[in-house]
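Topology and contacts: notes
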Amino acid sequence: DPWSSVNGTSDPDSVSFFILQGLSSLGDRPMIPFVILLLGYVIILGGNSMIIFVTLTDPKLHSPMYFFLCHLSFVDIVYTTTTIPKMLAGFLSDVSIISVPGCFLQMHFFMQLNCTGHAILTVMAYDRYVAICHPLHYTSIMTRRVQTLLIAGAWGFSTFCPLPVTTIALLRPYCGPNVVKHGWCDFSSVRRLACADTSVDNIVSLFFAALSLLIPGVLILTSYVLIGISLSRMGAGQRLKAFRTCAAHLTVVSISVTNFSPEVRIIVAVLYAALTPFLNPVIYSLRNKELQESIRRTLVRFRPATVLAS
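Note that the structure is a prediction, hence the values are computed from the model and not measured. Chains are numbered independently. Their residues run from 1 in the order of the written sequence. Residues qualify for local features only when their pLDDT is at least 70, as the model is predicted, and side-chain atom pairs are given and counted only at 80 or more; totals for whole chains, interfaces and linings, by contrast, use all residues. Excluded from the side-chain calculation are hydrogens and water; included are all heavy atoms of the structure.

1. Comments concerning the pairing of strand S1 (residues 17-20)
Here, a strand pair is defined by DSSP locating no fewer than two bridges between the strands. Each helix is a run of H or I in the DSSP string that is no shorter than four residues. Each strand is a run of E no shorter than two, and both are numbered from the N terminus. One ladder, built from 4 bridges, connects S1 with strand S2 (residues 96-99); its direction is antiparallel. For Ile19, the partnering residue across the bridge sits in S2 and is Ile97. Note that S1 and strand S3 (residues 179-180) share 2 bridges and pair parallel. Counterpart to Ile19 in the pairing with S3 is Val179.

Encoded structure:
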């Protein structure tokens, strides 16, 4: 049956796998993007793992800000791992295939972890607001229980938002073609393959996408408006010191909310998916002296062990 060679099934009314087109449109030299993506992924894993390690092992970094940063680094690692390994494998094979359940799992976790990153950035904005606007009450407000509740709220919010979208997409029939014109199981790309009316899907996805962006966006903006009001009442020295504590977070937020042109959708989507996790450890390391010193102490601590082992 010729249809089974396309669908991966003898039933012409269903699809058992999807073919990820990925970056095949880049040309006949897949090793160049493969090496670039692999190096970027290694740096993402290494940089974020280093932040997690130093924040967990250095007593000087056991503050709420580094607690949230540790969770953000963990999210960045898992977020990129949902897509990049599959894309790398696709460069090494003629056809990149993913099962239908695997496709929808990837879709859900990609959207969830993206939303989790924004939610944690919102929590970090609130942390900066408390630190700058209520410095005398900071330790009494940002207790370990409050930190845990904030992180749990971020994960709960991000788990809820993509669930209706992926559930509706999963319930749609898919009867061919089964080529996803994207690097991973992107919702809008998979939705085009459904053999049914997807007008409800469009409304639901638009609503929850707006919800997942607007709520963190409004809360982050509110935090920084209040921070700005508080800074206006400080002296120049205090203002500069307070601004430095927010600089790294502001930079990451600015990168996260940047929108790109849809004309280069697939290429830019791949770059964007890896950009923030790639830059987060770089930005926080360059703009945070405590983190720099902790990383330096960690490297010095391991260096003698390496010399003795050799």
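2. Side note on the sheet that holds S3
Hydrogen bonding along the main chain pairs the strands of a sheet, whether they run parallel or antiparallel. What the 3 strands build is an open sheet, ordered S2-S1-S3; its pairing is mixed. A single partner strand is all that each edge strand has here, and the edge strands are S2 and S3. Contact between two residues is taken to exist if any of their heavy atoms lie within 4.5 Å; hydrogens are not considered. Interaxial angle, 0 to 180 degrees, is taken between N-to-C directions of lines fitted to C-alpha atoms, where a helix line uses only the stretch in contact. Lying over the sheet, helix H5 (residues 100-133) contacts S1 and S2, oriented at roughly 90 degrees with respect to S2.

3. As for the environment of Gly102
Within the secondary structure, Gly102 is located in helix H5. C-alpha of Gly102 to C-alpha of Phe17: the two residues are 85 residues apart in sequence and 8.8 Å apart in space.

4. Details of the nonpolar core
Of all hydrophobic cores here, the largest spans 50 residues; its most connected members are Leu69, Ile84, Met124, Tyr284 and Leu291. Broken down by element, the residue count for this core peaks at 11 residues, all from H5. Beyond its immediate chain neighbours, meaning those up to four positions away, Tyr284 contacts Leu69, Leu72, Met124, Ala248, His249, Val252 and Leu291. We call a set of buried Ala, Val, Leu, Ile, Met, Phe, Trp, Tyr and Cys residues a nonpolar core when their side-chain atoms join them within 4.5 Å. Each residue's exposure class comes from its accessible area (1.4 Å probe, protein chains only) as a fraction of the maximum for that residue type: buried when under 20%, exposed when over 50%, partly exposed otherwise. By size, the runner-up hydrophobic cluster in this structure holds 19 residues, among which are Leu193, Ala194, Val204 and Phe208.

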